[in-house]
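Structural characterization, general
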Amino acid sequence: MVRLVILALTGYLGYKALQKVLPWFWRPQIPPQRPQPEVRADELVQDPVCKVFIPRRNALVARKQDQDFFFCSEGCRKKFLKNA
Ligand SMILES: [Zn+2]
């Protein structure tokens, strides 16, 4: 019975040690570079209400008929949602 415990313990420790050592041989691949979302956030979008252009990341968004509309302010957004 004691032998079984020792066997389990060495097995566990061996497994732990392997976990520490393995990454040295098995280096994780560098993840592919993803397109930076900031670039897209910087593009200009037009407010359909007051026709002003605003950076996308500063714009308020309203979704209508599967299309995104961007607004400079909450006032424009409300006006658009009321009219259309
Ligand atoms: Zn506006």
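Quick look at the structure, then. (Residues numbered from 1 in each chain as written. Predicted model: local features only at pLDDT ≥ 70, side-chain atom pairs only at ≥ 80, totals over all residues. Heavy atoms only, no water.)

Our next topic: the pattern of salt bridges. A side chain with one charge may pair with a side chain of the opposite charge, provided their charged atoms come close. Counted under the stated rule, the structure contains 4 salt bridges. Ionic pairing is found between arginine 56 and glutamate 43, a salt bridge with its closest N-O pair at 3.3 Å. Placement of the pair is arginine 56 in the loop between strand 2 (53–55) and strand 3 (60–64) and glutamate 43 in the loop between helix 2 (37–41) and strand 1 (44–46), with a sequence separation of 13 residues. With a closest N to O distance of 3.4 Å, arginine 77 and glutamate 74 form a salt bridge. Placement of both arginine 77 and glutamate 74 in helix 3 (residues 74–83) is noted, with a separation of 3 residues, approximately one turn of the helix. A relative accessible area of 33% places glutamate 74 in the partly exposed class. One continuous salt-bridge network, built from bridges that share partners, spans Arg63, Asp66 and Asp68. (Salt bridge = Lys/Arg side-chain N within 4 Å of Asp/Glu carboxyl O. Helix = DSSP H or I, 4+ residues; strand = E, 2+ residues; numbered from the N terminus. Buried < 20%, exposed > 50% of the residue type's maximum accessible area, 1.4 Å probe, protein only.)

In this structure, Ala62, Phe69, Phe71, Cys76 and Phe80 together form the largest nonpolar core, which totals 5 residues. Among the elements of the structure, strand 4 (67–71) and helix 3 are those that each provide at least two residues to this core. In contact with phenylalanine 69, not counting residues within four places along its chain, are Pro48, Leu60, Val61, Ala62, Lys64 and Phe80. (Core = buried A, V, L, I, M, F, W, Y, C linked by side-chain atoms within 4.5 Å. Contact = heavy atoms within 4.5 Å.)

It is worth spelling out a nonpolar patch on the surface at this point. On the surface, Leu9, Tyr12, Leu13 and Tyr15 cluster together to form a nonpolar patch covering roughly 460 Å² of accessible area. Tracing the chain through its elements places tyrosine 15 in helix 1 (residues 2–25). (Patch = residues over 30% accessible without salt bridge, like charges linked within 9 Å, V, L, I, M, F, W, Y side chains within 5 Å. Areas by Shrake-Rupley, 256 points an atom, 1.4 Å probe, with all protein chains shown as cover.)

We now examine the pairing of strand 3. Side chains on a regular strand alternate between the two faces of the sheet. Relative to strand 4, strand 3 runs antiparallel, the two sharing 5 bridges. Within strand 4, the position partnered with arginine 63 by the bridge is aspartate 68. Between the end of strand 3 and the start of strand 4, which pair antiparallel, lie 2 residues, with glutamine 65 showing a positive phi angle near 45 degrees. (Pairing = 2+ DSSP bridges.)

Let's shift gears to the side chain of aspartate 47. With respect to the helices and strands, aspartate 47 occurs in the loop between strand 1 and strand 2. Despite being buried, aspartate 47 has no salt bridge partner; lysine 51 is the closest side chain of opposite charge, sitting 7.5 Å away. Polar contacts involving the side chain of aspartate 47 include one to the main-chain amide nitrogen of cysteine 72, which spans 2.9 Å. (Lys, Arg positive; Asp, Glu negative; His and termini not counted. Polar contact = N/O pair within 3.5 Å; in protein donor to acceptor, adjacent residues only side chain to side chain.)

The protein atoms donating to the zinc ion are Asp47 (OD), Cys50 (SG), Cys72 (SG) and Cys76 (SG), with metal-donor distances spanning 2.0 to 2.2 Å. Coordination at the zinc ion is tetrahedral, judged from the 4 donor atoms that bind it and the angles of 98 to 120 degrees they form at the metal. Donor residues for the zinc ion, ordered by position in the chain, follow D-x2-C-x21-C-x3-C. Of this pair, cysteine 50 sits in the loop between strand 1 and strand 2 while cysteine 72 sits in the loop between strand 4 and helix 3, placing them 22 residues apart in sequence. The exposure class of cysteine 50 is partly exposed, given its relative accessible area of 38%. (Donors = N, O, S within 2.8 Å, 3.2 Å for Na, K, Ca; no water. Tetrahedral: all angles 85-135°; square planar, octahedral: opposite > 155°, others 65-115°.)

Everything listed here is a matter of coordinates, which is why it stays silent on function.
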